[in-house]
Amino acid sequence: MSMTTQNASSSRTGTTTPARAITSKLSDRSTPSFPSASQSFEPLVKSLFRYRLKYILLLCALSTWFSVNFWIWWQTGGMSRNGVWDMIVQPLRPTTLLYSFLSWMMVALPAIVLRKRSPATSPMKGVKGSLSQTSTRVAFLTYLVSAICALVINLGMVYTNEIGVHGDPRLSLFVKSKKHPHYLNGRLLFLTLSQVATASAFLLRGSLIDRFVYRWTLALNIKNGSAILVLLVAIVTSLVFTSIANSVAMLVFGLARLTLPVLYRIPLLSMPLRPFTTHFLKGPWTISLPLRHIGLICRSWFLGFTTFITWEIAECLFENIVAETSPVSMQSADPNTTLVAGVASTDKVFKFFAYSELKELVLEQSPEAERRRADIFGDQKHSPNLWTFLARESLLLLGNDYQLFLRRGQPPPLRVAPTPIKHNSYATSVVATPTHLLRANIFRSSKSSPGQAALDALAADGPIANAVEAGAEAIHVPELFRTVESKMLSSPIAEETKKNVQNVKGLGSHFRDTISSLARLCVTQLAPEPVKEGYENLVDWWTRERKSKVVDASLPFRELDVTVVEVLSHLTCASLTEDRYGIVQRDIPKILEAFVSYLSAIEEYQLEINALYKPSPQASQSRKGQRDLNIIGVEVQKAQEILGYTADGLKEGISRIVRTFGDKLSAFKFPPRTAQKLQGFLDYC
């Protein structure tokens, strides 16, 4: 007993080893974080894009090489001077390869680098939307510089190969005149103007067909397309737009020549223009100029055609090759994790590539595909697991597109900040008399230096300023002289100045409106009936809002949505036999409810679109009424095709799940509207 007491007392007073936890070999292993799409999936797709871009650049180089060979073959005499050996050796000559490289770098390459914009509902809105963006102006400047470079390269080939065969083409910068050596060459000016019109025409075509938007339709139909058909469409398009651009160039050149005497009457413009452009007033009539320069017009047309088709081929190659989806997840160490991580990408294009690969995985019936799907269902390495992450991101994507569809493609409204609630402050009873604070300096002030005292006196709140303010109050100095700045900013003169600035800003739009109204008045009053009718049709085509474009803007990612529906529905059906833990079953009600809600909204909009087309005997009697009715019918049909594509995808997804599970769906709880819709599918299946 004494020994025990002694040991206890010594343990309390003496130095002992501190207590510590029992060590264990079991470590607290945290669940690995889910990899982000920018680190796992997107680099694989970007590497695929880089490989395809090299292929596109090679094909563009071949097209420019062919174009340069055609020009050199014509400039050196064509079939009359070039034999079989010359046609074999000419494509491999250093000058041909040099001009081909320059043409590829200056003409084809800029069109590939420029590539985004949102779709518009009418041609006028599309062009206005394009011109309002900085990227479009940059694109136009790029096309313009590219067209001028194409002209310079062609001039180099002309003076290298053509002079010895066809003679001097007279395309120097200045005319060859000893008396007037600074007169500008009109032939070269016309070629330059033609290239400017070609660049404008190509930008206009890109704005009308929304070329800077990712072509989802091409991504789905690329395997069914034909390269020959794409090439033929590019050739026909280039023929039409080159002819239009060349005609516009001739019209602008003629108008510029007619307005030159008016510009000479302006003193500030007359002096710099006369040394370079006086000779344009002495030539023949402008109307007869095209007949005197057929060769120049043909040269400008072929130059514009080769420039336009080089751009068009580059754009078509980029659209058709880059848009094709391809599986890339097998290049990573964990394909399932990389693939599922790709659906969370912030870029819709990367999302589409991920879902397209998932679609191929869920449709494949090989043992390897079944094993990968089972791994997605039974994943226990991540939190949340692969299926939960995939289902959440997919439903979130469908929900955002569903809300966009309900807004008919309009951006979400701005959230107004709630007004703060004013709390009534109640006066508390005074317990004691408050003590007034002593606001004077309680410390003894040290003597400041004379320089510091002078600076303090001249300060804004110094004694001099206070004395002046007090004196102004005493003698009632007008406020105008005391606060000049505030008075000037709030004076009527300043307000009038602001109004004048706003009027100057709107002067350009007012001038455009005046010109358009004068042109409309001249056409309606002076033009014959066929011209008047053609003008009205052109204005109507330019300004009319396409209902199909409105529907297209409401479902801008419908191809992606249908792919998501196919992935979710096939995975849900496969989970009946491949999901060992039943993880997918808890998400079936949410998936079906999302599908049904989206489908119901689309069907309501289909009824609204169908109501727009109402044939009436009165409308069919007049020619204009019949034309308007046909236009509405065409737009309604296009809109129904867009809506029907998404609706059919949703119906197939719902039917697939209903057919697979059948009466087992009665174990889930659905909202009444969703249950009623599903009952119809169950009865049909």
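The shown structure was predicted, so the numbers you read here are calculated from the model rather than taken from an experiment.

Trainee: Looking at this structure, I do not really get the overall build of the chain. What am I missing?
Mentor: Across its full length, the chain holds 30 helices and 0 strands. Burial status across the chain gives 38% buried among its 685 residues. Of the roughly 42600 Å² that the chain leaves accessible, carbon and sulfur atoms contribute 64%.

Trainee: Even after reading the chapter, I still don't get the pattern of salt bridges, so can you show me in this structure?
Mentor: Oppositely charged side chains are able to pair whenever their charged atoms sit close together. Tallied over the full model, the rule gives 13 salt bridges. Across the pair Arg 558 and Glu 559 runs a salt bridge whose closest N-O atoms are separated by 3.7 Å. In terms of burial, Arg 558 and Glu 559 fall into one category: buried. Two residues, Glu 603 and Lys 677, come together in a salt bridge whose shortest N-O distance is 2.6 Å. Within this pair, whereas Glu 603 is found in helix H27 (residues 588-610), its partner Lys 677 is found in helix H30 (residues 672-684), the two being separated by 74 residues in sequence. Through salt bridges with shared partners, a single ionic network connects Glu 368, Arg 371 and Asp 375.

Trainee: What is the right way to look at unusual backbone geometry in this model?
Mentor: Trans peptide bonds make up most of the peptide bonds, and negative phi angles are found at most residues other than glycine. Following Ser 383, the chain continues into Pro 384 via a peptide bond in cis, with omega recorded as 0°. Considering the arrangement of structural elements, one finds Pro 384 in the loop between helix H16 (367-377) and helix H17 (386-406). Although it is not a glycine, Arg 408 sits at a positive phi angle of roughly 60°. Considering the arrangement of structural elements, one finds Arg 408 in the loop between H17 and helix H18 (450-457).

Trainee: How do you make sense of the side chain of Glu 566 when you look at a structure like this?
Mentor: Along the polypeptide, Glu 566 turns up in helix H26 (residues 558-578). Its relative accessible area of 16% is what places Glu 566 among the buried residues. There is a polar contact of 2.8 Å between the side chain of Glu 566 and the side chain of Lys 359. Once you skip the residues sitting within four places of it in the chain, Glu 566 turns out to touch Lys 359 and Arg 656.

Trainee: Would you mind going over the packing of helix H14 (residues 335-342) against H16 with me for this structure?
Mentor: The description of two packed helices rests on the angle between their axes and on the distance between the axes. The contact between H14 and H16 brings their axes to 10 Å, and the two run at 65°. The orientation of H14 with respect to H16, classified from their angle, is roughly perpendicular. Between H14 and H16 lies a crossing of right-handed hand. Contacts between H14 and H16 involve Pro 335, Asn 336 and Leu 339 from the first element and Arg 372, Asp 375 and Ile 376 from the second.

Trainee: Quick question: what am I supposed to make of the packing of aromatic side chains here?
Mentor: Any two aromatic rings considered together are summarised by their centre-to-centre distance and by the angle between their planes. Going through the model one piece at a time under the given rule, you end up with 18 aromatic pairs. Ring plane angle 5° and centroid distance 5.4 Å describe the contact between Trp 301 and Phe 305, whose orientation is recorded as stacked. Pair noted here: Trp 301 and Phe 305 are both in helix H13 (residues 294-322), with a separation of 4 residues, about one helical turn. Since its relative accessible area comes to 15%, Phe 305 is described here as buried. Linked through ring pairs, Tyr 143, Phe 202, Phe 241, Phe 308 and Trp 311 together constitute an aromatic cluster. Across from the ring centre of Phe 557, 4.7 Å away, lies the NZ or CZ of Lys 348, which sits over that ring. Over the ring of Phe 405 we find Arg 408, and its NZ or CZ is 5.0 Å from the ring centre.

Trainee: I keep staring at the packing of helix H15 (residues 348-363) against H17 and nothing clicks. Help me out?
Mentor: Closest axis-to-axis distance for the H15/H17 pair is 13 Å, and the angle between their directions is 125°. With respect to their mutual orientation, H15 and H17 come out oblique. The two elements H15 and H17 meet at a crossing, and its hand is left-handed. Residues Lys 348, Lys 351, Tyr 355 and Leu 358 of H15 form the contact with H17, whose participating residues are Leu 390, Glu 393, Ser 394, Leu 397 and Asp 401. Looking at side-chain class alone, the contact of H15 with H17 contains 4 nonpolar, 1 polar and 4 charged residues.

Trainee: Where do I start with the environment of Arg 659 in this structure?
Mentor: Here Arg 659 is to be found in helix H29 (residues 623-661). Sequence separation between Arg 659 and Cys 573 is 86 residues; the distance between their C-alpha atoms is 9.0 Å.

Trainee: Please explain the nonpolar core as it appears in this structure.
Mentor: Nonpolar side chains in soluble globular proteins tend to end up buried together. Counting 68 residues, the largest nonpolar core has Tyr 355, Trp 387 and Phe 595 as its most contacted members. At 11 residues, the largest contribution of residues to this core is made by H27. In terms of nonpolar packing, the next biggest core, distinct from the first, is built from 44 residues, Ile 72, Leu 203, Ala 245 and Ile 309 among them.

Trainee: Which parts of the structure should I look at to understand H30?
Mentor: Three or four residues apart is the spacing at which side chains of an α-helix point the same way, because the helix has 3.6 residues per turn. End to end, H30 covers 19 Å across 13 residues, agreeing with the expected 18 Å (1.5 Å per residue, within 8%). For H30, every residue scored as buried is listed here: Thr 674, Leu 678 and Phe 681. For H30, the angular spread of the buried residues around the axis is 50°, confining them to a single face. For H30, exposure combined with an orientation more than 90 degrees from the buried face picks out Pro 672, Arg 673, Gln 676 and Asp 683. Summarising the contacts, the buried residues of H30 are in contact with H27 and H29.

Trainee: How should helix H3 (residues 42-75) be read in this particular structure?
Mentor: The end-to-end C-alpha distance of H3, which contains 34 residues, comes to 49 Å, matching closely the 50 Å that a straight helix rising 1.5 Å per residue would cover. Of the residues one or two after H3, Gly 77 is the one with positive phi, at around 115°.

Trainee: Before we go on, may I ask you to explain a nonpolar patch on the surface in this structure?
Mentor: A surface patch of nonpolar side chains, amounting to about 460 Å² of accessible area, comprises Val 236, Leu 239, Val 240, Ile 244, Val 248 and Val 252. Within the fold, Ile 244 resides in helix H10 (residues 227-264). Residue classification places Ile 244 among the partly exposed positions, given a relative accessible area of 47%.

Trainee: Just to check I follow, could you spell out the side chain of Thr 306 for this structure?
Mentor: Along the polypeptide, Thr 306 turns up in helix H13. Within polar-contact distance, the side chain of Thr 306 engages the side chain of Trp 71 at 3.5 Å. Residues in contact with Thr 306, not counting those within four places in the same chain, are Ser 67 and Trp 71.

Trainee: I'm lost on the confidence of the model for the chain in this one. Help?
Mentor: The predicted structure's coordinates, where accompanied by low pLDDT, should not be read in detail. For the chain, per-residue confidence averages 77 on the pLDDT scale, and residues scoring 70 or more make up 70% of the total. Every residue in residues 24-28 scores below 50 in pLDDT, and together they form 0 contacts with partners more than four places removed in sequence or on other chains.

Trainee: How should the environment of Glu 364 be read in this particular structure?
Mentor: Position of Glu 364 among the secondary structure elements: in the loop between H15 and H16. For Glu 364, a relative accessible area of 39% puts it in the partly exposed group. Residues contacting Glu 364, with those up to four places away along its chain left out, are Ala 369 and Arg 373. A distance of 2.7 Å separates polar atoms of two side chains, one belonging to Glu 364 and the other to Ser 366.

What counts, and where the lines are drawn
- Residues numbered from 1 in each chain as written.
- Predicted model: local features only at pLDDT ≥ 70, side-chain atom pairs only at ≥ 80, totals over all residues.
- Heavy atoms only, no water.
- Helix = DSSP H or I, 4+ residues; strand = E, 2+ residues; numbered from the N terminus.
- Buried < 20%, exposed > 50% of the residue type's maximum accessible area, 1.4 Å probe, protein only.
- Areas by Shrake-Rupley, 256 points an atom, 1.4 Å probe, with all protein chains shown as cover.
- Salt bridge = Lys/Arg side-chain N within 4 Å of Asp/Glu carboxyl O.
- Polar contact = N/O pair within 3.5 Å; in protein donor to acceptor, adjacent residues only side chain to side chain.
- Contact = heavy atoms within 4.5 Å.
- Axes fitted to C-alpha atoms, helices over the stretch in contact; angles between N-to-C directions.
- Parallel < 35°, antiparallel > 145°, perpendicular 65-115°, else oblique.
- Left-handed = near helix turned anticlockwise from the far one by under 90°.
- Phe/Tyr/Trp six-rings, centres within 6.5 Å; stacked < 30°, edge-to-face > 60°.
- Lys NZ or Arg CZ within 6 Å of the ring centre and 35° of its normal.
- Nonpolar A, V, L, I, M, F, W, Y, C, P; charged D, E, K, R; others polar.
- Core = buried A, V, L, I, M, F, W, Y, C linked by side-chain atoms within 4.5 Å.
- Expected span 1.5 Å × (residues − 1).
- Arc of directions from axis to C-beta.
- Patch = residues over 30% accessible without salt bridge, like charges linked within 9 Å, V, L, I, M, F, W, Y side chains within 5 Å.
- pLDDT = per-residue confidence, 0-100.

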